[in-house]
Amino acid sequence: MRPPADATRLARFTRAERWVHRCTSALMLLCIATAACLYLPQLAVLVGRRRLVTTVHEWAGLLLPVPLLLGLASRALRRDLGRLNRFAPYDREWLRAVLWRSYHRPAGKFNAGQKLYAGWIAGAVVVMLGTGLLMWFTGLAPLAWRTGATFVHDWLALAVGVVVLGHLWMALQDPEARRGMRTGSVDRRWATREHPRWEPADDELPADGEQQADDELPADEEPSADGEQPPGDGRPAGDGQPSSPRSSR
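Residues numbered from 1 in each chain as written. Predicted model: local features only at pLDDT ≥ 70, side-chain atom pairs only at ≥ 80, totals over all residues. Heavy atoms only, no water.

Caption draft 1: Region of the structure containing the nonpolar core. Core analysis: the largest hydrophobic core is formed by 12 residues, namely Leu27, Met28, Cys31, Ala60, Leu64, Ile121, Ala124, Val125, Met128, Leu156, Val160 and Val164. Sorting elements by how many residues they give to this core places helix 7 (residues 112-136) first, with 4 residues. Not counting residues up to four positions away in its chain, the partners in contact with Leu64 are Thr24, Leu27, Met28 and Val125. In this structure, Leu10, Val186, Trp190 and Ala191 belong to the second largest nonpolar core, which totals 5 residues. (Core = buried A, V, L, I, M, F, W, Y, C linked by side-chain atoms within 4.5 Å. Buried < 20%, exposed > 50% of the residue type's maximum accessible area, 1.4 Å probe, protein only. Helix = DSSP H or I, 4+ residues; strand = E, 2+ residues; numbered from the N terminus. Contact = heavy atoms within 4.5 Å.)

Caption draft 2: Spatial organisation of the packing of aromatic side chains. For the coordinates displayed, the defined rule picks out 4 aromatic pairs. Taken together, a centroid distance of 4.9 Å and an interplanar angle of 25 degrees make the contact between Trp136 and Phe137 stacked. A centroid spacing of 6.5 Å and a plane angle of 55 degrees characterise the contact between Phe151 and Trp155, whose relative ring orientation is tilted. Linking Phe151 with Trp155, this pair stays in helix 8 (residues 143-172), spanning 4 residues, or about one helical turn. Among the residues examined, Phe151 registers a relative accessible area of 54% and is labelled exposed. Over the face of the ring belonging to Trp198 we find Arg12, whose NZ or CZ atom lies 5.1 Å from the ring centre. A cation over an aromatic ring shows up here: Arg22 above the ring of Trp19, its NZ or CZ 5.3 Å from the ring centre. (Phe/Tyr/Trp six-rings, centres within 6.5 Å; stacked < 30°, edge-to-face > 60°. Lys NZ or Arg CZ within 6 Å of the ring centre and 35° of its normal.)

Caption draft 3: Representation of the side chain of Arg83. Note on placement: Arg83 falls in helix 5 (residues 75-84). Here Asp80 takes part through its side chain, which lies 2.7 Å from a polar atom of the side chain of Arg83. (Polar contact = N/O pair within 3.5 Å; in protein donor to acceptor, adjacent residues only side chain to side chain.)

Caption draft 4: Looking closely at the confidence of the model for the protein. Residues of the protein with pLDDT of at least 70 account for 78%, and the chain-wide mean is 82. Ranking the elements of the protein by mean pLDDT puts helix 2 (residues 41-47) last, at 85, and helix 4 (residues 66-71) first, at 96. Here residues 205-249 scores under 50 on pLDDT; set against residues more than four positions off or in separate chains, the count is 51 contacts. (pLDDT = per-residue confidence, 0-100.)

Caption draft 5: Layout of the layout of surface pockets. By volume, the second largest pocket amounts to about 960 Å³. If you trace the second largest pocket, you find 34 residues lining it, with Ala35, His57, Met128, His153 and Ala157 closest to the centre. Elements that contribute at least two residues to the lining of the second largest pocket include exactly helix 1 (15-39), helix 3 (50-63), helix 7 and helix 8. Here the residues of the lining of the second largest pocket are counted per class, giving 25 nonpolar, 6 polar and 3 charged. (1 Å grid on protein atoms, 1.4 Å probe; cavity = no way out; pocket = protein on both sides within 12 Å on 5 of 7 lines; lining within 4 Å. Points joined across faces, edges and corners; volume = space filled by probe spheres on them. Nonpolar A, V, L, I, M, F, W, Y, C, P; charged D, E, K, R; others polar.)

See below:
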């Protein structure tokens, strides 16, 4: 990940990650908007052309996973997906701090709320895609299955709309986070305050994209014959978490 020219800023997201987020967001908002036009009578009358709205909704839903699948070619995206899929002990501390309205909220590159949101949305998209296919291709399943799929699809769509609106509201409260997703870099002071456990240096991977095992030394750092350790801290590449906790503000 190339560092920004400004020394006061840190590289946070690559161009590939930002485009995946933008395309996925556009498709998600299109799904929500067309669903609202299909289910709310006031909007249905205002927009009209129900068949066109239905077609747009169906294809937007089918294309929703495509940006992420294409983005898996990016090593940085795969690394961040691993971070989102892994809960650390300090993530539980972050959740307790939110519950008790404490300002001590330790977080890595992604806080516990972002991890929960990402996991919930990923699961919801899979369910919505499956139930939507059952509703679209009526010959795939018997009537009882299609009825159940319609019930799940409709209510889960409402839940997704509420959660996405909450996500947008949270983003509006944090201009620096929005700037990071828009430009790829964030202010160092913001990163220290909001994500004190994030080690940006760990985003730099070896050329082959693989982290070295904890019990291995690089070839140029093999112990000498007399048993002395060569200069350097000898710390293996991490997974985005520091070796010792840092206090947050």
